[in-house]
Amino acid sequence: MPNPSRRAVLLAAGGLIAGCSRQREVGEIDLRLATGPAGAVYRRIGGSMAAHISEQVPGVTVRTVPSGASTDNIRMLRAGAVHLGLTSLDALILTDGSAPGELSAICRLYDSHLHLVVMAGSAIEEFGDLEGKRISLGARDSGTEFTSLRVLELGPVDTDSRYLSQAESAAALREGVIDAMFSLTGVPTPAITELAQRHPIRLIPLDAQAGALFTAFPGPYAPAMIPATAYAGVPATRTFAVPNVLLVRNDLPADLVYAITDTIFTHTGTISSAGRGDTEAIPEAWHINVRTGISTASIPLHPGAAAWFRDRKH
């Protein structure tokens, strides 16, 4: 299949989600991409992808929608409130290993690592020390909440749980409002980077918890290391990783999804440099590549994305 022409993409606009509330001029396609909360990689990488798709696909404008992240994005996608959304793979896969029927993947993007962050002077030295402590599990409906709850339940560890965004968690930890924060995110992540630059922090190893997680939920998790170069003054720390995927509703036209997929993989370099209004690089976007992009586990590729990957083999 050749790259879709402007005519093909504009004809495809007729099949867009019926939930779009306002009338559009013929030839204009408005898409909504669910991202994440303040201080999260999802917010930055989603904004950069939206900007580049809007610039590269004729007639298409992609607007970002801030959210709680993974679980929130899945809910908005299923309801037709957005057309595209970012999610961690474990929050998407159902207990039988399948994905929600109305959703498919454009591609795998990068892997998130679960961080367990404390201030340097904290009495918390290991995972078991979280018992009874004030812990942020991330924003409501986020991938951080989903995965950290799994880890705590497997512990089992009971905590005084709080539900704060990445930026709110970092501020609360700095001010002593909470004792520790979980963060399932790319490495490095802006909220933790800024905290580490101003105040000494530590990361608690999660290798034992990772082993329990692999046994209980085989498939979406892999052992990983947060490198010593990630955060100022923080040594390398063992944890686990979860892939992130870009989801799309199945009822988006194949030609349109083909064009979006093509933009993501042919403009990875500029997507990683920064989004509109952003001056810092997005290291997570450097991991977007054709070889791993097709690896979406049990989540099927949208026909438009599948066609693009097939064409790359020829």
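As the structure is a prediction and not an experimental result, all values here were calculated from the model.

About the cut-offs
- Residues numbered from 1 in each chain as written.
- Predicted model: local features only at pLDDT ≥ 70, side-chain atom pairs only at ≥ 80, totals over all residues.
- Heavy atoms only, no water.
- Salt bridge = Lys/Arg side-chain N within 4 Å of Asp/Glu carboxyl O.
- Buried < 20%, exposed > 50% of the residue type's maximum accessible area, 1.4 Å probe, protein only.
- Core = buried A, V, L, I, M, F, W, Y, C linked by side-chain atoms within 4.5 Å.
- Helix = DSSP H or I, 4+ residues; strand = E, 2+ residues; numbered from the N terminus.
- Contact = heavy atoms within 4.5 Å.
- Phe/Tyr/Trp six-rings, centres within 6.5 Å; stacked < 30°, edge-to-face > 60°.

## Quick notes on the pattern of salt bridges
Line of reasoning, step 1. On inspection of all chains with the given rule, the structure shows 12 salt bridges.
Line of reasoning, step 2. Glu175 is the partner of Arg174 in a salt bridge, and the nearest nitrogen-oxygen pair spans 3.3 Å.
Line of reasoning, step 3. Its relative accessible area of 55% is what places Glu175 among the exposed residues.
Line of reasoning, step 4. Members of the salt-bridge network, linked through shared partners, are Asp72, Arg75 and Asp141.

## Observations concerning the nonpolar core
Across soluble globular proteins, nonpolar side chains have a tendency to be buried as a group.
Line of reasoning, step 1. Counting residues in each nonpolar core, the largest one holds 37 residues, and the members touching the most others are Leu31, Ile106, Leu246 and Ile264.
Line of reasoning, step 2. Broken down by secondary-structure element, the contributors of at least two residues to this core are β1 (29-34), α2 (41-56), β2 (60-65), β3 (84-88), β4 (103-119), β10 (237-249), α9 (254-266) and α12 (303-312).
Line of reasoning, step 3. Broken down by element, this core gets its largest block of residues, seven residues, from α9.
Line of reasoning, step 4. When residues no more than four places from it in sequence are discounted, the contact partners of Ile264 are Met49, Ile106, Cys107, Leu246, Ile271 and Ile288.

## What to know about the packing of aromatic side chains
Line of reasoning, step 1. The tally for this structure, following the rule as stated, stands at four aromatic pairs.
Line of reasoning, step 2. Between Phe265 and Trp308, the aromatic rings sit 5.1 Å apart at their centres with planes inclined by 20°, giving stacked as the arrangement. You can see Phe265 sitting in helix α9 and its partner Trp308 sitting in helix α12, a full 43 residues away along the chain.
Line of reasoning, step 3. With 5.4 Å between their ring centres and 70° between their planes, Phe265 and Phe309 make a pair best called edge-to-face. Pair noted here: Phe265 is in helix α9 and Phe309 is in helix α12, with a separation of 44 residues, a long-range link. You'll find Phe265 and Phe309 in the same group, each marked buried.
Line of reasoning, step 4. Ring-pair connections join several aromatic residues into one group, and the members of that group are Phe265, Trp308 and Phe309.

Function-wise, these values are silent; they only describe arrangement.
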